[in-house]
Amino acid sequence: MGAGTYRTLLAVPESWPYGKIPVWVFTRHEFPGISGADITFVRGDVEEFHPDIVYDAGEKNVLLAGGANLAGQFMDCGLIDEMFVTVVPVALGAGRPMLPVARATQPGALLETRSEDTGLVQLHYGFGDARGRQAPA
Ligand SMILES: NC(=O)c1ccc[n+]([C@@H]2O[C@H](COP(=O)([O-])OP(=O)(O)OC[C@H]3O[C@@H](n4cnc5c(N)ncnc54)[C@H](OP(=O)(O)O)[C@@H]3O)[C@@H](O)[C@H]2O)c1
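### Let's talk about the domain arrangement of the chain
Taken as a whole, the chain is organised into domain 1 (1–78) and domain 2 (81–137). The distance between the C-alpha centroids of domain 1 and domain 2 comes to 21 Å. Contacts between the two partners involve seven residues from domain 1 and, on the opposite side, nine residues from domain 2. Grouping the amino acids of the side of domain 1 that touches domain 2 by side-chain chemistry returns three nonpolar, three polar and one charged.

Put into structure tokens, the structure is as follows:
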């Protein structure tokens, strides 16, 4: 995650949602850690850190929690293979780009959709090799 997302979570450290799961935070600033959490602070080229992050995840997936700026850097390097977009039926009138990339991506393949009675719709896309991936049952 990026520093903006970490700052939001740091405001309520007792609600840290990741337990002891390794978390990597990209920042050019100094931040305190959170008691009991496994956090690595890094700065620079996301491509450089990607192998270590994947190694840290072991057999599991890497979740890029956000925000949008950091996610865009990974997307520009072709390092995002799945994306979950939740459409919330509210018009804001202004805001940030959902995924600020340097150049347009190839189209993602829609793997799955889920809807809730609240009106939220989750869209699950695959990119690159994940375009043909089956969504988990
Ligand atoms: N809707 C969602 O699903 C979702 C998901 C995640 C977050 N959010 C929200 O989005 C907001 C934060 O988003 P954001 O786009 O402002 O912030 P962000 O991506 O979480 O953080 C941006 C910051 O990350 C650091 N950073 C980014 N790339 C870096 C790099 N390559 N090397 C070193 N540092 C790097 C920089 O921090 P420094 O200035 O410290 O260098 C930059 O200012 C929060 O309010 C959060 O709650 C929403």
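### Focus: the pairing of strand E3 (residues 82–87)
In terms of burial, E3 is a largely surface element, zero of the six residues being buried. In terms of strand pairing, E3 meets strand E5 (residues 121–126) through six bridges, oriented antiparallel. The partner of Phe84 across the bridge, within E5, is His124.

### Digging into the sheet that holds E5
The strand order across the open sheet built from three strands is E3-E5-E4, with neighbouring strands paired in antiparallel fashion. Looking at which strands have only one partner, the edges of the open sheet turn out to be E3 and strand E4 (109–115). Between one strand axis and the next, the sheet turns by 20° as a mean value, whatever way the strands run.

Parameters and conventions
Just so you know, the residues in each chain are numbered from 1, in the order the chain's sequence is written. Side-chain atom pairs in this predicted model are given and counted only at pLDDT of 80 or more, local residue features only at pLDDT of at least 70, and totals for whole chains, interfaces and linings cover all residues. In this entry, domain limits derive from an automatic or database-based domain assignment. Note that contacts rest on C-beta atoms placed from the backbone: two residues are in contact if these are within 7 Å. Residues are grouped as follows: Ala, Val, Leu, Ile, Met, Phe, Trp, Tyr, Cys and Pro are nonpolar; Asp, Glu, Lys and Arg are charged; every other residue, Gly included, is polar. Between the buried cut of 20 or more and the exposed cut of 12 or fewer other C-beta atoms within 10 Å of a residue's own C-beta lies the partly exposed class, and all C-beta atoms are placed from the backbone. Helix and strand definitions here come from DSSP, where helices need a minimum of 4 consecutive H or I residues and strands a minimum of 2 consecutive E residues; each element is numbered from the N-terminal end. The pairing criterion is simple: DSSP has to find at least two bridges between the two strands. Angular values range over 0 to 180 degrees, each being the angle between N-to-C directions of two axes fitted as lines to C-alpha atoms, with helices fitted over their stretch in contact.

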